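Here's the letter readout for the chains.
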Amino acid sequence: MFRAVFRLSSTGARSLVRSRPAISAPLASRCYSHGTVETDEEFDARWVTYFSKPDIDAWELRKGMNTLIGYDLVPEAKIVDSALRACRRLNDMASAIRILEAVKDKAGPHKDIYPYLIQELQPTLSELGISTPEQLGIDKL
């Protein structure tokens with residue numbers, strides 16, 4: 001009887017002492033660096049081309065801006081310029097204001113980025129007749 005108790009207690013103690021399994025599965029690792037790296041100029045050209053499509057519709061405009069704003073960057077002035085021109089082609093001034101608000105939001109705590117973009121976009125805004133959120137007074141709401 002003592003032999004049975006000793007045998008059960010020794011296997012129980014062994015299972016408590018052994019903290020790792022005897023056989024460990026290899027970890028799966030993936031290498032994602034096999035693709036091409038897009039340069040900043042190629043990125044800008046891709047988005048300018050996207051917003052410059054003559055047959056772009058309102059859904060594609062919103063989808064493109066949603067995707068662009070989802071990136072960890074503030075879009076360049078030429079990308080925002082082409083997006084604003086797409087808004088004008090669609091006669092969608094509300095989307096143009098939303099784009100400017102989104103760019104201001106993406107600038108975040110960097111207070112010098114948004115005024116720079118507005119300065120760069122001022123000729124386009126004047127040409128297209130688009131007011132900024134500050135000119136409309138909706139930035140204080």
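About the criteria used
- Sequence order sets the numbering: in each chain, residues are counted from 1 along the sequence as written.
- Since the coordinates come from a predicted model, pLDDT governs what is reported: local features require at least 70, and pairs of side-chain atoms require 80 or more to be given and counted, while whole-chain, interface and lining totals use all residues.
- As a rule here, side-chain values come from all non-hydrogen atoms in the structure, and water together with hydrogens is ignored.
- Residues enter patches when they are more than 30% accessible in relative terms and free of salt bridges; like-charged ones are connected within 9 Å and nonpolar ones (Val, Leu, Ile, Met, Phe, Trp, Tyr) within 5 Å.
- Each accessible area is a Shrake-Rupley estimate made with a 1.4 Å probe; only the visible protein chains count as cover when residues are assessed.
- One side-chain nitrogen of Lys or Arg within 4 Å of one carboxyl oxygen of Asp or Glu is enough to make a salt bridge.
- Just so you know, the count uses Lys and Arg for positive and Asp and Glu for negative, and it drops His and the chain ends.
- The atoms used to mark charge sites are NZ of Lys, CZ of Arg, CG of Asp and CD of Glu.
- Helix and strand assignments follow DSSP, with helices taken as H or I runs no shorter than four residues and strands as E runs no shorter than two, numbered in order from the N terminus.
- Working definition: with a 1.4 Å probe on protein chains only, accessible area under 20% of the residue-type maximum means buried, over 50% means exposed, and in between means partly exposed.
- In this scheme Phe, Tyr and Trp rings, the latter by its six-membered ring, pair at centre separations within 6.5 Å, and the angle between planes marks the pair as stacked below 30 degrees, edge-to-face above 60, and tilted otherwise.

(A) Expanded view of a negative patch on the surface. A cluster of acidic residues, Asp-40, Glu-41, Glu-42 and Glu-76, forms a negative patch at the surface. By the secondary structure assignment, Glu-41 is in helix α2 (residues 40-51). Judged by relative accessible area, Glu-41 falls into the exposed class, the value being 58%.

(B) Broad picture of unusual backbone geometry. Backbone geometry at Asn-91 places phi at a positive 55 degrees, although glycine is not the residue there. With respect to the helices and strands, Asn-91 occurs in the loop between α4 (77-90) and α5 (93-107).

(C) Spatial organisation of the packing of aromatic side chains. One pass over the full model with this rule turns up 6 aromatic pairs. Note on Tyr-50 and Phe-51: the rings are 5.3 Å apart at their centroids and 80 degrees apart in plane angle, and the pair reads as edge-to-face. For Tyr-50, a relative accessible area of 22% corresponds to the partly exposed category. A connected cluster of aromatic rings, assembled from ring pairs, spans Phe-43, Trp-47, Tyr-50, Phe-51 and Tyr-71.

(D) The pattern of salt bridges, seen in detail. Scanning the model with the defined rule gives 6 salt bridges in all. One salt bridge connects Arg-85 with Asp-81, and the closest N-O pair in it is separated by 3.1 Å. Taken together, the positions of Arg-85 and Asp-81, both in helix α4 and 4 residues apart, correspond to about one turn of that helix. With relative accessibility at 28%, the residue Arg-85 sits in the partly exposed group. For Arg-85, the salt bridge goes to Glu-127, with nearest N and O atoms at 3.2 Å. Separated by 42 residues along the polypeptide, Arg-85 in helix α4 and Glu-127 in helix α6 (residues 113-128) bring together distant segments of the chain. Looking at Glu-127, the relative accessible area reads 55%, which means it is exposed. Salt bridges linked by common partners bring Asp-81, Arg-85 and Glu-127 together as one network.

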